[in-house]
Every structure is written in structure tokens, then in C-alpha cells.
Amino acid sequence: MNNLLKNELLKLKRSKSVKVLFWYFVIYSILGTLFFHRADAGSFERSGFSAPFLTFAMHGSSGFFFYASVAAGLVANEFSQGTIHNAISCGVERRRYFLSKICCLLGVTVFLYLTNVLVRSLAQSIFSSFDPYGILYSRYWQKVLVYNLAAILLLLSSMSLFICIAYLCRRGVMTFVISLLATDADLIWYSRISRDKPVGPVSVMWQMLDMAGTDSSSDRLLEPGFLLLLLPSLCMGAISLIVAYQLFKRADIN
Amino acid sequence: MEYDLRKYILTTDGLSKKYRGFTALQDVSIHIPKGSVYCLIGRNGAGKTTLLRLVCGLQKPTAGSYSLFGRPYGDRDIYKSRRRMGTMIGQPALYPSMTAAENLQIQYRMLGMPSFRDIPELLALVGLENTKGLRVQTFSMGMKQRLGIALALAGSPDLLILDEPTAGLDPLGIIELRELLLKLNRERQTTLLIASHLLSELPRLATHYGFLEKGRLLRELDAHSLEEGCRKCISLTVSNSSAVCALLDDRKLSYRILSDTDLEIYSPITVTELVQALAATDIHILSVSQREEGLENYLLNLVEIGASGYGTEK
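Within every chain, residues take consecutive numbers counted from 1 along the sequence as written. For this description, chains carry letters from A and ligands carry numbers from 1, given in the order in which they are written. Since the coordinates come from a predicted model, pLDDT governs what is reported: local features require at least 70, and pairs of side-chain atoms require 80 or more to be given and counted, while whole-chain, interface and lining totals use all residues. Heavy atoms throughout the structure, all of them, feed into the side-chain values; hydrogens and water do not.

Now for the overall build of chain B. Secondary structure elements are taken from DSSP: a helix is a run of H or I of four residues or more, a strand is a run of E of two residues or more, and numbering for both begins at the N terminus. Helices and strands together make up the secondary structure of chain B, namely eleven helices and 15 strands. Partly exposed residues are those whose accessible area sits between 20% and 50% of the maximum for their type, while under 20% is buried and over 50% is exposed, using a 1.4 Å probe and protein chains only. Within chain B, the proportion of its 314 residues that are buried is 51%. At a minimum sequence separation of 6, the contacts of chain B that also span at least 24 residues come to 67%. When the accessible area of chain B is evaluated, it comes to approximately 15200 Å², of which 49% is carbon and sulfur surface. Contacts are residue-level and defined by heavy atoms, with any inter-residue pair within 4.5 Å sufficient. A 1.4 Å probe and the Shrake-Rupley method give the accessible areas. Residues count as covered only by the protein chains that appear here.

The next subject is the confidence of the model for chain A. pLDDT measures how confident the predictor is about each residue, on a scale from 0 to 100. On average, residues of chain A score 80 in pLDDT, and 85% of them reach the 70 mark or higher. Within chain A, the lowest mean pLDDT, 54, falls on helix H3 (residues 54–60) of chain A, and the highest, 92, falls on helix H11 (residues 225–250) of chain A.

Residue and element names in this part refer to chain A. Mapped onto the elements of the fold, Lys101 is located in helix H6 (residues 94–128). On the basis of relative accessibility, which here comes to 1%, the residue Lys101 falls in the buried class. A 3.5 Å cut-off defines polar contacts: any pair of N or O atoms within that distance qualifies, except that in protein one atom must be a possible hydrogen donor and the other a possible acceptor, and neighbouring residues in sequence count only when both atoms are side-chain atoms. A distance of 2.8 Å separates the side chain of Lys101 from the backbone oxygen of Leu74, its partner in a polar contact.

When their charged atoms lie close together, side chains carrying opposite charge are able to pair. Any Lys or Arg side-chain nitrogen found within 4 Å of a carboxyl oxygen on Asp or Glu counts as a salt bridge. Evaluation of the coordinates by the stated rule reveals 15 salt bridges over all chains. For the salt bridge of Glu102 of chain B with Arg14 of chain A, the shortest nitrogen-to-oxygen distance reads 2.2 Å. Here Glu102 of chain B is found in helix H3 (residues 100–110), whereas its partner Arg14 of chain A is found in helix H1 (residues 2–14) on a different chain. For Glu102 of chain B, a relative accessible area of 13% translates into the label buried. Between Glu176 of chain B and Arg146 of chain B there is a salt bridge, with the nearest N and O atoms lying 3.4 Å from each other. Within this pair, whereas Glu176 of chain B is found in helix H6 (residues 171–187), its partner Arg146 of chain B is found in helix H5 (residues 141–153), the two being separated by 30 residues in sequence. Residues joined by salt bridges that share partners form a network here, namely Glu8, Lys11, Glu78 and Lys101 of chain A.

Attention now moves to the packing of helix H8 (residues 172–193) of chain A against helix H9 (residues 201–211) of chain A. Residue and element names in this part refer to chain A. An axis is simply a line fitted to the C-alpha atoms; with a helix, the fit covers only the stretch in contact. Between two such axes, the angle follows the N-to-C directions and lies from 0 to 180 degrees. Two elements in contact, H8 and H9, have axes whose closest approach is 7 Å; the angle formed by their N-to-C orientations is 45°. If you check the angle between H8 and H9, you find them oblique. Contact residues: H8 offers Thr183, Asp186, Leu187 and Tyr190, while H9 offers Pro201, Val202, Ser203, Trp206, Gln207 and Asp210. For this scheme, ten residues count as nonpolar: Ala, Val, Leu, Ile, Met, Phe, Trp, Tyr, Cys and Pro. Four count as charged, namely Asp, Glu, Lys and Arg, and the remainder, Gly too, count as polar. Classifying every residue of the contact of H8 with H9 by side-chain character gives five nonpolar, three polar and two charged. To sort the angles, those under 35 degrees are grouped as roughly parallel, those over 145 as roughly antiparallel, those from 65 to 115 as roughly perpendicular, and the leftovers as oblique.

Bringing the pairing of strand E7 (residues 85–88) of chain B into the picture now. Residues and elements named next belong to chain B. Burial of E7 is two-sided: the residues Met85 and Thr87 facing one way and the residues Gly86 and Met88 facing the other way are all buried. Paired strands, as defined in this entry, are two strands with at least two bridges between them according to DSSP. With four bridges joining them, E7 and strand E8 (residues 159–163) adopt parallel strand pairing. Note on E8: the bridge partner recorded for Met88 is Leu162.

Turning next to the layout of surface pockets. Cavity: a set of points on a 1 Å grid over the protein atoms alone where a 1.4 Å probe fits but cannot get out. Pocket: an open set with protein on both sides within 12 Å along at least five of seven lines, its lining residues, like those of a cavity, having an atom within 4 Å of a point. Grid points are joined across faces, edges and corners, and a volume is the space filled by probe spheres set on the points. Of the volumes computed, that of the largest pocket is approximately 650 Å³. Lining the largest pocket we find 21 residues, and of these Arg94 of chain A together with Asp75, Arg76, Ile78 and Arg82 of chain B sit closest to its centre. Elements that contribute at least two residues to the lining of the largest pocket include exactly H6 and H11 of chain A together with helix H2 (78–82) of chain B. Class assignment of the residues belonging to the lining of the largest pocket gives a composition of seven nonpolar, four polar and ten charged. Its boundaries defined by the atoms lining it, the second largest pocket holds a volume of some 470 Å³. Gly90, Gln91, Pro92, Met141 and Gln145 of chain B are the residues nearest the centre of the second largest pocket, which is lined by 23 residues in total. Sorting the residues of the lining of the second largest pocket by element identifies helix H1 (48–55) and H5 of chain B as the ones contributing at least two each.

Let us look at the pairing of strand E14 (residues 262–265) of chain B. Residues and elements named next belong to chain B. Here four bridges tie strand E12 (residues 232–238) to E14, and the two strands are oriented antiparallel to one another. Residue pairing for E14: Ser235 is matched across the bridge by Glu264. Bridge count between strand E13 (residues 255–257) and E14: three bridges; the pairing is antiparallel. When the sheet's bridge partners are listed, Tyr255 is paired in E14 with Ile265. In textbook terms, the turn of a hairpin is the stretch between consecutive antiparallel strands, and for E13 and E14 this stretch comprises four residues.

So, on to unusual backbone geometry. All names here are of chain B. With a phi angle near 45°, Ser156 is a residue other than glycine that sits in the positive phi range. On the basis of relative accessibility, which here comes to 45%, the residue Ser156 falls in the partly exposed class. In the Ramachandran plot, Lys252 falls in the positive-phi region, its phi being about 55° despite a non-glycine side chain.

A word on H6 of chain B. All names here are of chain B. Every helix has an expected span of 1.5 Å times one less than the residues it contains. With 17 residues, H6 ought to run about 24 Å at 1.5 Å a step, and its terminal C-alpha atoms sit 24 Å apart, in line with that. Every buried residue of H6 is accounted for by Gly173, Ile174, Leu177, Arg178, Leu180, Leu181, Leu182, Leu184 and Asn185. Buried residues along H6 sit against strand E4 (37–41), helix H4 (119–125), H5, E8, strand E9 (191–195) and helix H7 (202–205). After H6 finishes, the residue Gln189 shows a positive phi value of roughly 55°.

Moving on, we come to the packing of aromatic side chains. Note on aromatic pairs: each is described by the distance of the centres and the angle between the planes. All names here are of chain A. For Phe, Tyr and Trp, rings pair up if their centres lie within 6.5 Å, where Trp contributes its six-membered ring, and each pair is then called stacked (planes under 30 degrees apart), edge-to-face (over 60) or tilted (otherwise). Summed over all chains, the structure comprises 14 aromatic pairs over all chains. Ring geometry for Phe22 versus Phe111: centroids 6.0 Å apart, planes at 5°, classification stacked. Of this pair, Phe22 sits in helix H2 (residues 16–36) while Phe111 sits in helix H6, and the two are 89 residues apart along the sequence. Following the ring pairs from residue to residue traces out a cluster consisting of Phe79, Tyr97, Phe98, Tyr167, Tyr245 and Phe248. We call a charge positioned above a ring when the Lys NZ or Arg CZ atom is no farther than 6 Å from the ring centre and deviates by at most 35 degrees from the ring normal. Taking the ring centre of Phe248 as reference, the NZ or CZ of Arg94 above it sits at 5.8 Å.

Next up, the structure:
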């Protein structure tokens, strides 16, 4: 299993999509802080919750669908370029191969998110200090921690869905397009149909942003009921991984 | 016919594969002896690649089974048998953004090999020793083919499965590959299973043949039996081949007209008898030679009678 993980890490290092996404987040975070550190706080400027913090969470999860390019590159392309044949033909068990890939893909998701958050907070502290504007929310750091953990879980759920789509499509471009459509469908549901009942990870993320608007609404982040908000997305992520595994385990590889 | 399965590194038993509305492989039973060079011959779409994919675990058979190094299909540990195989099916499967050495490192790790010391030697063996630092996406087709072969050779496999290994290679490359495969077979007793169209090269390599047509195994035999089974052929160049046909028809001899002046005669008639028969007519004989029917003609004849004659012979 160690060998398979090392292989996946080498593939990640060589992956163009991971490199592009990494630099996109770094540059976007720096530029965002430089030019928009006050402007994008918007109505949250006085809250003390947002400026150094909202922006990490929001921008850390920005472009959910960009993560699909990683799934496309590291899963779907293995089928289209045939490299999966080598693995199966030389006796690598499908279960282990799948596990090593999932571990690396979910790991790189967390890595990219944390990169975004850390670069942002570093840039923030260099350009405009790290102190929150206005009045600090109660239990500020607990809320920051819960918010970011929830954002990571939602991202992982999204990534699981993208991985499932990649195993289904087995083509990089198709994976990216379908993942983008799925993300958009979730957003449309939230913005046009039901703001009270977010379904997918993206819509839950936007509802979390709404919660962060005031001190009193942000208390909901620390309530047990907050977990119920995450539950559908987490279930979707788990089911996606199970389906992806079954697709990989049972299907013929052409 | 009873087969002693201990002699065989790979056997298939009634292996079939159906896709929606299409039967790619039907009831194929092959037997690959240890240490042999087994050549799978058939035209495009005959089922060669499908058979290889089934054996490599890339696809699941619709019916039948196979046994690899004594482990039957369905055995939970069959992946351990596959570790003793090296394969190249279809186009070489390579990571384009990596170098040749890195592609081999990936393969070595998948095989669980602890050290990469052999990689430079393996690259030299396939003629890629001067590709350090070059990414695979810059390789020519021939170079990619060579790297694919190197990947198959990683780990010194006991069974090497190659699908059209000469595709993309220049004539010298084909000769080098042939010599390499022969060397592996003779020195390391590596068993080879090769699917190929290159009929001119196979007789120099093969110890056993399997002929596939439309998903069925027409015949399976060793090289010696093939040699005996190939018909003797008299090549004749005359002034007028159509005049000769009447004579041959009278004598109920089997023949093929190649042109206005050239014929091939297959029936068991000696050169002396033929020349004496022609001497009695006005037909001028320009040249006569005797040879054995090659693999190409054997295959053509087999395919022609294949619809009614499926079976195995050893």
C-alpha cells in the first residue's frame, strides 16, 4: 500500500491540474487580499467574524468545481491514457489501488484548501494586520474552527462526487463538465428554489456564509443542529465513494 | 484430448466474452506450455486482444474460465499470479508528463520491487538509454513502444504477454525485439504469449500457434505439427497458364492461378510427373520450383475452411 501511495504522490506532483490549482489559489489569495481586503468584506465588515476569516473560508472553498479537474486528471485520465491497465495487469488489487487513489485525492483537497487559507491569512497579516474589524464575535475562534472544519468536510464530499463522476465517465473533459453542471445545479437549487433546505455541499456552504452574517446567527455554528445541515452532503460524499468503488471493482476496463 | 495442466503456465477453458449483441470470443480453450513462445494469430477483430484482456484481469469473462500459474480464475489470490506476468496490450500505457525512468519506477513500485537499480539496464536493453530527462510526451511512436516493452519486462516476469509488440518499430527495431524475445525465452525460460499480424516474423519465434477467427479458436498446434501440416507447393511459370488448367483439372489436381503465366499446384504430384505431363503438350515451361506453404497460406486456408472445421489439434 505504501508503494501505491508513493506512486499516487508522484502522479500528483506531475499533475498539471494540481499545479495550476495550487498556483491559482496562491495568486488569487494574495491578489484578493491586496485589492479586496476591505471591499469584499461588504456587509460583514463590522462583524469581526469575517474580514480575516470569512474570506479564508469563502475563498478556500471558492471554485468547488475546480477540484473536479484534479479528479479528472488523476482518475479519468488513467482510463483514457490506459495506465490503469498496467496496474491491474501486474497484479495490483483493485481495492488497494482505489484506496490509495482516494487517500491521495482527498488529501490533496485538504492540502489545497489549507494552502488557500494559510496564504490568505499570511497575506492578510502582511497587508492589513490580522485583527478583525469591528467587534469580535463571541467564541470567535471556536466558530472559526468549526466553520473551516465544516468547509473541509463539504469540500471532501464534493470531491467524492467528482471522483464518482470520473469513474463513471472515464474521460477527463466529460468529468469536468458534468462536475461543473452538478455544482451549478446545487447552486441554482439554493438560490432559486429553496434557501431553507440546502442540498449539496455548495448550497450548504452558502448557507454557512449567511449564518456568519451576525454574532447571533453565527451561534448556530456551535449548536448540535449544525451537524444536521452537513449530514445530507456527508451522506452524498459517502455514497459517492461507495458507488465509485463498485464501478471500479466490477466494470470491465477497455 | 486430455491435457496435463501442470505443464501449462496458462490454460483457458471454454472462455467466452459477449458484449451487447456481439460475441467477441466464443468457447476458446488454449494451452500455453511453460517455456514456449505461443503466437496468437488472427485478423483484426478475431478476438486476440479480448482474450488477452480477459487473462490480464481487465475484463471478466461471460462464460468459461482460465488458470494462470495453477490458480483458477475466481481465486482470491489470482492477483499474485499476475505479479509474475508482464503485459503490453494495445498501445503502451505511459504517463506523458513523466520520464521513461519515472514510468519504470511507477511500475517497479506496483510490483513491490524494493530497488530501482535495474532501471538503467532495462532502458539500455530496449534502446532508450539516452532519454534521461526527456518526457514521454516528446517520444516518437517507436520509443513509446520500446518503453512499453520495458514496462512489460520490469520485474523479470515468467510470462510475457505482448499484443502487436512490433507496431511502430522500424525494421531494425523489429529484429532487435525478436532477438531480445528469443534471448529471454532461451536464457530465462520466459514464456511468451504474442498476438501479432507480422506473419513473416512469427516462424522465427514461435514454438506454438493458436489461430483465432471471429472469436473462435480454429486450431492450436505446435510449430512441428504446423510444418508437417503445411502443404507442399510447386510454383510453375509457363507460357500460358489457362492451358495448363485444363490438364490439371483432368487430373483433379488442386491449384491456384496467380497470373497469365504463374500457377501454384498443391496436390501431391512430384515435379517429375508434372514436367512429364506438360512436356506431352505444347505448353512451354519457363520455371519450376518446389517449396512449402508458408504460414500466410496456411492461415488463409484455415480461415476458408474455418466455418466448418473448428477444433484443436496438437
